[in-house]
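# Structure assessment
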Protein chains: 2
Amino acid sequence: MPEPTTPLAERPWEAVERMLDVDAALARVLAAFRPLPVEEATLLDACGRILAEDVVARNSVPPFRNSAMDGYAVRAEDVSAATWDAPVELDVSARVAAGQGGVVACQPGSAVRIMTGAPLPASADAVVRFEETDEGRGSGAPERQTVRIFRSPAVGDNVREAGEDIAVESVVARRGQRLGPADLGLLASVGCAAVPVHRRPVVAILSTGDEVVAPHEPLSPGKIRDSNAVVLAAMARAWGAEVQMLGVARDTAPDLTGRLAAGRAADLIVTSGGVSLGDYDVVKDVLRAEGEVSIWQVRMKPGKPLAFGRIGTTPLLGLPGNPVAAAVSFILYGRAAILRLAGHDEVGLPTIEVVTAECHDNRGQRRHFVRVRLERRDDGTIVARSVGEQGAGVLSSLAAADALLVIPESRDRVPAGTRLRAIPLQW
Amino acid sequence: MPEPTTPLAERPWEAVERMLDVDAALARVLAAFRPLPVEEATLLDACGRILAEDVVARNSVPPFRNSAMDGYAVRAEDVSAATWDAPVELDVSARVAAGQGGVVACQPGSAVRIMTGAPLPASADAVVRFEETDEGRGSGAPERQTVRIFRSPAVGDNVREAGEDIAVESVVARRGQRLGPADLGLLASVGCAAVPVHRRPVVAILSTGDEVVAPHEPLSPGKIRDSNAVVLAAMARAWGAEVQMLGVARDTAPDLTGRLAAGRAADLIVTSGGVSLGDYDVVKDVLRAEGEVSIWQVRMKPGKPLAFGRIGTTPLLGLPGNPVAAAVSFILYGRAAILRLAGHDEVGLPTIEVVTAECHDNRGQRRHFVRVRLERRDDGTIVARSVGEQGAGVLSSLAAADALLVIPESRDRVPAGTRLRAIPLQW
């Protein structure tokens, strides 16, 4: 648990407010998460998930020596004299199609008509493509008795050896690996139709506040619509989680308690609202009564209050209510928690180097995440340009942004043209 | 339809073989697709999809003038003399919480205790944060009768005006826009709980070939396992489609015909195998009998044969059977078709500039898609290094690659250090 000192319930709230920097807050959040249990998933359902064990090939790929082309299987030495001007004629002793079992031989002085993927006849050691025989030159008819070969192949030409791509019992995919489409194909090709992967995290999402109503509800005076739930749910899904929507809780203990209880089977409960200093916030009291939760003040902007702990045994992340503060905090802490639950080794946010288009003030020693759009200059540098209004409640500028510029807490003023990092927002 | 000349069924197969470059093939494929019909989707279900109509705000955001902070709403002129050394004391005339309806007034010479998001009292024009009052300096008790103000606010300080973020009836999201998490939040905030989006494409996937068995089936002599279906399905899903798995068809007319019929309700049927020149390929005969399908020879590598047309009214894309040829062809043609169906305006594959790590031969005037890994150098250039074996059947090197280096058909030899484009593979 992230809170090593006195249990929270014994102390007044103000006493557990603490000022943390973003890295310390992230480290505390991450310390509470381990990869979820492993389950067998069919290949398609395993896409994007993390493999929990090495997978070994049950068969070679290709499983048998076969033809890489449509043509004639031959013994290379029989046609070593063949040229376009002086072709060598061979008897066609057999035909073999892809998928054909049985054993076909290629007698000395004969050829076997063969299709791509078909097993190479015993004693054949090369395949001559139709285009290099008289069949490919317009003298058609697959029922032919003889074939004229126009080119001398090297031993092995157009032959795929068994195990050429993958040897049986070799490791084809490793524990900890994220499975993409081609990995799934590789697993399928070695006879692996289901794989052990970490269970998909379930994230329960609860909005709080007497002023908050669902998007479809009528908007009476003093109310605002809940935008946090859908933003957080869409992000959680993009990071590979399933979501459970707990709705909007009124600022009453029974309603909050009941909705939190409904989320206890989830792997993570995420709330928004009710964690700032304001004393009307019943949320903090309920979190204290129902679990073990700390409220932190994080040196970041937007976002500063952050609740973290457990309700029963379920980890809880309490985000601020302002839409952009909630979204940015979820990107910083929620994503890492979800990826860790899903079994990812690497949970850090990818960043890129950018150059600031304008001057930024950053008073208050907080790490500032500025909504920007990225523009690529001809010289390859990427310019980060503010999308405008940076208030914690201004969701339109988050929608307009494609990255968050990161201004370190150590910089109180950043001139235009400064090299900084930015977090690309890709969904 | 992409085939402007004689209907296919009247002509022998060899006659319709045609050599196309990649761009011409793509243009013909795309010409056959239009965005799918529009449906109403709930916000969360609309994530990643394309909005079909402009959406107009049903309410302003914020819907009313409110406090951006927890503190005291005042008339700025009443406290214009306040300093830390000489605070101004006001009566606390009321308290207002977020979500509170009703109208509260701020009488001259008084303050209203206010929480973040609560409606600003009439005639108040600024909010002083707790931290700038004696309440924030340790003399607690929210039931207090008076408050001492330590700082003179400007008119508008900590006040959010109604419509500051979004004005009612303004356009908050535009037709053709792809909806990300923040867009969904914006839509929620203006009372839009469901939006018109293009229907999600359904892609039916069929593997063909007597030599092909499903991954879980026993591998008898001469057989290989189907890896194409899962690769194509995972890619189609990553591009936003739903998939319908049609299994593996034997090389018989009844089995092929039956399985194709099962896919007719899909928006696109994708087959793999059976479209090369080999005459054992019953697939081509069935496609001819069941629909109107052309077989093209495309100047690309891996992949060269490509079938395209319709089965009944359902578009069909017939990919080669070799796993990498199938995957690369699907990335080039299938992705564009799926995105177009889903309503995307921009369906081109994103590419980046890279520098080749090694020399590449590219005989045969085909556009070569080389499996590479990208490495970023300190100077910012990105080096594309071959992952090794480039055979059309070698799926392991596609799994190891994170991009496809594009060698134009016009270049028969590319020295190391050449600037070219590459297609990043991101899932």
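Residues numbered from 1 in each chain as written. Chains lettered and ligands numbered in written order. Predicted model: local features only at pLDDT ≥ 70, side-chain atom pairs only at ≥ 80, totals over all residues.

## A closer look at the overall build of chain A
Within chain A, the secondary structure is distributed over eight helices and 28 strands. In terms of overall size, chain A is more extended than a compact globule, its C-alpha atoms giving a radius of gyration of 32 Å where 427 residues would be expected to give roughly 22 Å. Taken along its principal axes, the extent of the C-alpha atoms in chain A is 95 × 50 × 45 Å. A total of 427 residues make up chain A; the buried ones form 51% of that total. By sequence separation, contacts in chain A at least 24 residues apart represent 71% of the contacts at least 6 residues apart. (Helix = DSSP H or I, 4+ residues; strand = E, 2+ residues; numbered from the N terminus. Rg over C-alpha atoms; globule rule 2.2 N^0.38 Å. Buried ≥ 20, exposed ≤ 12 C-beta atoms within 10 Å, placed from the backbone. Contact = placed C-beta atoms within 7 Å.)

## Some words on the domain arrangement of chain A
Each domain of chain A was delimited in the assignment, giving domain 1 (8-37 + 199-341), domain 2 (39-55 + 174-198), domain 3 (66-160) and domain 4 (352-424). Centre-to-centre separation of domain 3 of chain A and domain 4 of chain A, based on C-alpha positions: 65 Å. (Domains from an automatic or database assignment.)

## What about the nonpolar core?
Ranked by internal contacts, the top residues of the largest apolar core, which has 198 residues, are Leu187 of chain A together with Leu187 of chain B. Leaving out residues up to four positions away in the same chain, Leu187 of chain A has contacts with Leu43, Val55, Val172, Ala173, Cys192 and Val195 of chain A. (Core = buried A, V, L, I, M, F, W, Y, C linked by C-beta atoms within 7 Å.)

## Description of the relation of the copies chain A and chain B
At an RMSD of 0.1 Å, chain A and chain B line up after a rotation of 180° and a shift of 0.0 Å along the axis. In symmetry terms, the pair is related by a two-fold rotation axis. Closest approach to the rotation axis among the C-alpha atoms of chain A is made by Gly380 of chain A, whose C-alpha sits 4.0 Å away. Of the residues that chain A buries at the interface, 100% are likewise interface residues in chain B, meaning the two copies contact each other through the same surface. (Least-squares fit on C-alpha atoms with pLDDT ≥ 70 in both.)

## Considerations on the pairing of strand β7 (residues 110-114) of chain A
Residues and elements named next belong to chain A. Across the five residues that make up β7, a large majority, five, are buried. Summarising the sheet, strand β5 (residues 71-74) and β7 pair through three bridges and their orientation is antiparallel. Considered in β7, the bridge of Ala73 is made with Val112. Relative to β7, strand β6 (residues 88-96) is paired through five bridges, and the arrangement is parallel. Of the residues in β7, the one forming a bridge with Arg95 is Arg113. (Pairing = 2+ DSSP bridges.)

## Notes on the packing of helix α4 (residues 228-238) of chain A against helix α7 (residues 323-341) of chain A
All names here are of chain A. Relative orientation of the contacting elements α4 and α7 amounts to 30°, with a least axis distance of 10 Å. By the criterion of interaxial angle, the relationship of α4 to α7 is roughly parallel. α4 and α7 meet at a crossing whose hand is right-handed. Taken together, the residues of α7 that come into contact with α4 (itself represented by Asn228, Val231, Leu232, Met235 and Ala236) are Pro323, Ala326, Ala327, Phe330 and Ile338. Of the residues in the contact of α4 with α7, the class split is nine nonpolar, one polar and no charged. (Axes fitted to C-alpha atoms, helices over the stretch in contact; angles between N-to-C directions. Parallel < 35°, antiparallel > 145°, perpendicular 65-115°, else oblique. Left-handed = near helix turned anticlockwise from the far one by under 90°. Nonpolar A, V, L, I, M, F, W, Y, C, P; charged D, E, K, R; others polar.)

## A word on the environment of His368 of chain A
Residue and element names in this part refer to chain A. Take His368: it is sitting in strand β24 (residues 367-376). In the structure, His368 is positioned 212 residues away from Gly156 in sequence and 63 Å away in space, judged by C-alpha atoms. Non-local contacts of His368, meaning those with residues more than four positions away in its chain, are made with Lys301, Asn362 and Ile407.

## Topic: the interface of chain A and chain B
The partner chain B presents 69 residues to the 69 residues of chain A that form the contact. Listed by contribution, the elements that provide at least two residues to the side of chain A that touches chain B are α3 (181-189), β15 (224-225), α4, α7 and α8 (395-400) of chain A. When residues of the side of chain A that touches chain B are assigned to their parent elements, the largest contribution, eight residues, is made by α3 of chain A. Residues that form the side of chain A that touches chain B fall into these classes: 37 nonpolar, 21 polar and eleven charged.

## A short note on helix α5 (residues 253-262) of chain B
Every α-helix winds through 3.6 residues per turn, so residues three or four apart in the chain are directed the same way. All names here are of chain B. The complete set of buried residues in α5 reads Leu256, Arg259 and Leu260. Take α5 and look down its axis: the buried residues cluster within an arc of 100°, on one side only. Those residues of α5 that are exposed and angled more than 90 degrees off the buried face are Pro254 and Gly258. Those residues of α5 hidden inside the fold are in contact with β13 (202-208), β16 (242-249), β17 (268-272), α6 (282-290) and β20 (305-311). (Arc of directions from axis to C-beta.)

## So, the sheet that holds β5 of chain A
Residues and elements named next belong to chain A. With respect to topology, five strands assemble into an open sheet ordered β8-β5-β7-β6-β9, the strand pairing being mixed. This sheet does not close on itself; its edge strands, each paired only once, are β8 (126-129) and β9 (146-149). Across the sheet, the mean angle separating the axes of adjacent strands is 40° when strand polarity is ignored. The pairing of β5 with β8 spans four bridges and is antiparallel. Paired with Gly71 across the strands is Arg129, a residue of β8.

## Some remarks on the sheet that holds strand β8 (residues 126-129) of chain B
All names here are of chain B. The strand order across the open sheet built from five strands is β8-β5-β7-β6-β9, with neighbouring strands paired in mixed fashion. Edge strands, defined here as strands with exactly one partner in the open sheet, are β8 and β9 (146-149). Ignoring which end each strand starts from, the neighbouring axes of this sheet average 40° apart.

## Things to note about the pairing of strand β24 (residues 367-376) of chain B
Residues and elements named next belong to chain B. As defined by bridge partners, strand β19 (residues 300-301) adjoins β24 across two bridges and the pair is classed as parallel. Note that in β24 the partner of Met300 across the bridge is Arg367. Inspection of the sheet shows β24 paired to strand β25 (residues 382-386) by five bridges, in the antiparallel sense. Bridging from a neighbouring strand, Val372 pairs with Ser386 of β25. Joining the antiparallel neighbours β24 and β25 is a turn of five residues, in which Gly380 adopts a positive phi near 95°.

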